[in-house]
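Structural description and commentary
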Amino acid sequence: MADSKREVERKYEATPETRLPDLTRAAGVSAVVHRGLSELDAVYYDTEDFRLAAGSLTLRRRTGGEDEGWHLKVPVSPGVRDEIQAPLSDVLPPALGDLLRSRVRNTPVAPVVRILSARDVHHLLDEHGALLAEVSIDEVLAERLTEQGHGTTSAWTEMEVELADDGDPAVLDAVERRLRKAGVRPSSAPSKLSRALAETAPREERRTRKKETKKARAPRTAGDHVLAYVRRQVEAVVALDPAVRRDLPDSVHRMRVATRRLRSVFRTYRTVLDRTVTDPLRDELKWLAAELGADRDQEVLDARLRSHLAGLPDPLLLGPVSARLKLTSVARRAGTRRRVTSVLDDGRYLALLDALDAVLADPPLLPAAARAPKDVLPRAVLKDYERLAARVGHALEQPPGEQRDVAMHEARKAAKRVRYAAEAAAPALGKPAKRLAGRVKSVQSVLGDHQDSVVTRAALRTLAVQAHGAGESAFTWGLLHGREEATAAARERELPEVWARASRPGLRAALKG
């Protein structure tokens, strides 16, 4: 069983002679309490090619201190990480191994660094004695455990200030002002592990890292820009995998969007990337998006229906509507969650990740990839745009009803494709591509709300039938169904105006340059 906590901390350079300044002069801090010394012994694990370190993840087995055990730290934002903890054991707990799968796949993890820390801890308290933050000064000794560089050591002193659970980040700002005034400066290393790996790296590893740094350059060609976009989306899928497994808010949605962006860019930029390589990947990405979609669609539907019920006055809530919705949602969501987890453990998914990595390692570039972005990217974006224009026009020609619903849904999918194409081109084409993406996003929003209404009406009809069969009133479900019909009609009336803004000739002319 693994537990999770949000870790918000800042690191600072220190020396063995470093002493804490008077931190009671920091705003909000009333007392500094010395908590004593502790000895920590941590072994850090990674793959042979340091895949976890490349993703800023750290996995360690630590003894000593109040939280000894296995710790996996996942980056959230600068200075913020989620720490997932599991009890101390001789082998990696399966719960943590699952969270590493998108990174390591079938590659084993092994010890890479051992870090011994002598930690001197102080607690910062407010006027009521509540914990605000923990300050520690660590004397650190790191030893390399990999075959190359085995036994190489490095020693340093550092200071950490970690915010208390649910604490106010303003405390860290106040403490930092006092530390800076005393001459203490922020650390250049984001973690002990990153510093240990850098300072104990064998010469050959350092040369390889320098070569990779030189090789990385700003995108220049059309192929560079397309591959940069592909790389961002692949990294998003891999990084979001642990969040989806942990059922974090919006994680499934974001991962699904990344898969759709990949699939879309492979199709749009077929003159840049060889479709004999990318078409099979598009099929697999379609499969993954569909599997993720079951959970995401249920999540959106639940939120929409809960919002509708919350907005109704009590006299219109006839029967146990909230209880019925909750019962239905929990049952369906449990099924979709199991399905998503099984997909992420499926060999087919891991093979897809490997195939995407292979595309980035050895891109299947066509001759157009070597040309200037302005000669290739606008043409691809505008081709998708013309396809969207045809679909919007077709939708507007349809009579209200099922035919228009289907046509608007097809237009919505085309709008997403234009938006993603423009996003990929924006770093090269600048403001015209950004404006087009923004305008098309507005079209997509109108079409998306219309489609959500179509799906919600189908669910409301099912709920009404179930309620009627159980002898309950179906009035409330029918009322909401009527409101959703009104919403769909409003979006249909809104579409021509929103589309007119997105189809101004000036936007297309600017994109062509």
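Being a predicted model, the structure only gives us computed values, none of them experimental.

Where helix H11 (residues 373-397) meets helix H12 (residues 402-429), the axes come as close as 8 Å, and the angle between the chain directions of the two elements is 165°. Put simply, H11 runs roughly antiparallel to H12. Viewed along their axes, H11 and H12 form a crossing whose handedness is left-handed. In terms of residue class, the contact of H11 with H12 is made up of 20 nonpolar, one polar and seven charged.

Note that Ser251 resides in helix H7 (residues 251-268). Excluding residues that lie within four positions of it along the chain, Ser251 makes contacts with Leu240, Ala243 and Val244.

Strand order in the closed barrel formed by eight strands is E1-E5-E4-E3-E2-E6-E7-E8, and the pairing between neighbours is antiparallel. Between one strand axis and the next, the sheet turns by 35° as a mean value, whatever way the strands run. Where strand E1 (residues 3-14) lies against strand E8 (residues 153-163), six bridges are found, and the strand directions are antiparallel. When the sheet's bridge partners are listed, Ala14 is paired in E8 with Thr157.

Turning next to the pattern of salt bridges. Enumeration according to the criterion identifies 49 salt bridges in this entry. With a closest N to O distance of 3.4 Å, Arg81 and Glu9 form a salt bridge. In this pair, Arg81 sits in strand E5 (residues 80-86) while Glu9 sits in strand E1, placing the two residues 72 residues apart along the sequence. A network of salt bridges, in which partner residues are shared, links Glu7, Glu9, Lys11, Arg60, Lys73, Arg81, Glu83, Arg119, Asp138, Glu158, Glu160 and Lys192.

Each pair of aromatic rings is reported with the distance of its centres and the angle of its planes. Within the structure shown, the criterion is met by two aromatic pairs. Here Tyr45 and Trp70 contribute two aromatic rings whose centre-to-centre distance is 5.2 Å and whose plane-to-plane angle is 45°, an arrangement assigned as tilted. Of this pair, Tyr45 sits in strand E2 (residues 31-46) while Trp70 is found in strand E4 (residues 69-77), placing the two residues 25 residues apart along the sequence. A single burial state applies to Tyr45 and to Trp70, both of which are buried. Between the aromatic rings of Tyr385 and Trp499, the centroid separation amounts to 5.6 Å while the plane-to-plane angle is 20°, which identifies the pairing as stacked. Separated by 114 residues along the polypeptide, Tyr385 in helix H11 and Trp499 in helix H14 (residues 475-502) bring together distant segments of the chain. Seen from the ring of Trp287, Arg348 lies directly overhead, with NZ or CZ sitting 4.3 Å from the centre.

Calculation rules
Residues numbered from 1 in each chain as written. Predicted model: local features only at pLDDT ≥ 70, side-chain atom pairs only at ≥ 80, totals over all residues. Heavy atoms only, no water. Axes fitted to C-alpha atoms, helices over the stretch in contact; angles between N-to-C directions. Helix = DSSP H or I, 4+ residues; strand = E, 2+ residues; numbered from the N terminus. Parallel < 35°, antiparallel > 145°, perpendicular 65-115°, else oblique. Left-handed = near helix turned anticlockwise from the far one by under 90°. Nonpolar A, V, L, I, M, F, W, Y, C, P; charged D, E, K, R; others polar. Contact = heavy atoms within 4.5 Å. Pairing = 2+ DSSP bridges. Salt bridge = Lys/Arg side-chain N within 4 Å of Asp/Glu carboxyl O. Phe/Tyr/Trp six-rings, centres within 6.5 Å; stacked < 30°, edge-to-face > 60°. Buried < 20%, exposed > 50% of the residue type's maximum accessible area, 1.4 Å probe, protein only. Lys NZ or Arg CZ within 6 Å of the ring centre and 35° of its normal.

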